[in-house]
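# Close look at the chain arrangement
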Amino acid sequence: MTDRIGMKVFDLHCGQFHVFEGWFASELDFVSQRERGLIECPVCGDASVTKKLSAPRLNLGSVSTNETHHVQAHDSSAHNESLQSAWMSVARQIIANTDDVGSSFAEEARKIHYGEIPERGIRGKATSDETTALLEEGISIMSLPLPEALKGQLQ
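Every value quoted in this text rests on a predicted model; they were computed, and no experiment measured them.

So, about the overall build of the protein chain. Looking only at helices and strands, one finds four helices and five strands in the protein chain. Along the protein chain, helices (α) and strands (β) appear in the sequence β-β-α-β-α-β-α-β-α when read from the amino end. Residues counted as buried form 21% of the 155 residues belonging to the protein chain. For the protein chain, the proportion of contacts with a sequence separation of at least 24, taken over those separated by at least 6, is 47%. Surface exposure of the protein chain reaches about 11200 Å², of which carbon and sulfur atoms provide 53%.

All right, on to the environment of Ser 104 then. Following the sequence through the fold, Ser 104 ends up in the loop between strand 4 (99–102) and helix 3 (105–113). Take Ser 104: its relative accessible area is 30%, and that puts it in the partly exposed class. For the pair Ser 104 and Arg 123, spaced 19 residues apart in sequence, the C-alpha separation works out to 9.4 Å.

A complete count under the given rule lists three aromatic pairs for this structure. Ring centres of Phe 10 and Phe 30 lie 5.6 Å apart, and the angle between their planes is 65°; this geometry places the pair in the edge-to-face category. Taken together, the residues span a long stretch of sequence, with Phe 10 in strand 1 (residues 8–13) and Phe 30 in helix 1 (residues 27–35) at a distance of 20 residues. Both residues of the pair, Phe 10 and Phe 30, belong to the buried class. Taken together, a centroid distance of 5.2 Å and an interplanar angle of 70° make the contact between Phe 24 and Phe 30 edge-to-face. When its relative accessible area of 4% is taken as the criterion, Phe 24 is described as buried. For Phe 30, a relative accessible area of 1% translates into the label buried. Taken together, the ring pairs connect Phe 10, Phe 24 and Phe 30 into an aromatic cluster. Over the ring of Phe 10 we find Lys 51, and its NZ or CZ is 4.5 Å from the ring centre.

Across residues other than glycine, the phi torsion is negative in most instances, and most of the peptide bonds are trans. Although it is not a glycine, Phe 17 sits at a positive phi angle of roughly 65°. Judged by its relative accessible area of 61%, Phe 17 falls in the exposed class.

Moving on: the sheet that holds strand 3 (residues 50–51). A sheet is described by the order of its strands in space; here three strands give the open sequence 2-1-3, paired in antiparallel fashion. Where the open sheet ends on each side, the last strands, each with one partner, are strand 2 (19–24) and strand 3. Note: strand 1 against strand 2, six bridges, orientation antiparallel. Each residue of the ladder has a partner; that of His 13, found in strand 2, is Val 19.

Here we take up the environment of Thr 50. Note on placement: Thr 50 falls in strand 3. The spacing of Thr 50 and Phe 30 is 20 residues in sequence and 9.7 Å in space, taken between C-alpha atoms. Once you skip the residues sitting within four places of it in the chain, Thr 50 turns out to touch Asp 11, Leu 12, His 13, Phe 30 and Arg 34.

With that out of the way, let us pick up the pairing of strand 4. Sheet topology note: the strand 4/strand 5 (residues 122–124) ladder contains three bridges and is parallel. Of the residues in strand 5, the one forming a bridge with Gly 102 is Gly 124. Each parallel crossover has a hand, and the one from strand 4 via helix 3 to strand 5 is right-handed.

Rules used in this analysis
- Residues numbered from 1 in each chain as written.
- Predicted model: local features only at pLDDT ≥ 70, side-chain atom pairs only at ≥ 80, totals over all residues.
- Heavy atoms only, no water.
- Helix = DSSP H or I, 4+ residues; strand = E, 2+ residues; numbered from the N terminus.
- Buried < 20%, exposed > 50% of the residue type's maximum accessible area, 1.4 Å probe, protein only.
- Contact = heavy atoms within 4.5 Å.
- Areas by Shrake-Rupley, 256 points an atom, 1.4 Å probe, with all protein chains shown as cover.
- Phe/Tyr/Trp six-rings, centres within 6.5 Å; stacked < 30°, edge-to-face > 60°.
- Lys NZ or Arg CZ within 6 Å of the ring centre and 35° of its normal.
- Pairing = 2+ DSSP bridges.
- Right-handed = clockwise from strand over helix to strand, strands pointing away.

Geometric values such as these leave the question of function open.
Laid out in structure tokens, this is it:
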């Protein structure tokens, strides 16, 4: 277990511009993990993660226009973080209240729709052809990509 003392905290974002934080032993550790595909966005699962530019904040005494601009940018960032947090909460609820049927999604959805098995919430994977066929049969479904990170245990 790595001691958190001396850990580098990086602000990261994915190709969809979801912002999140990552803790690494060093800059090299971050680069190594990224190159091995070990880092992905906790919101959408995108592995094209980059480090946001950051600079130390200097307290020089008086409030300047740059500091006012920083506060406005922070408010926007806080809003985005709030939306991401809400999305993660919804995704956790979906996972907690549905059965993962994997690639059997289309078959299970049909069985439920036609009353062959008891109705329940399911999630899984379907090809675009299977999705089209389900919709043409009048079976209501919704495509909702869930981050792989949520399928394991999160802290």
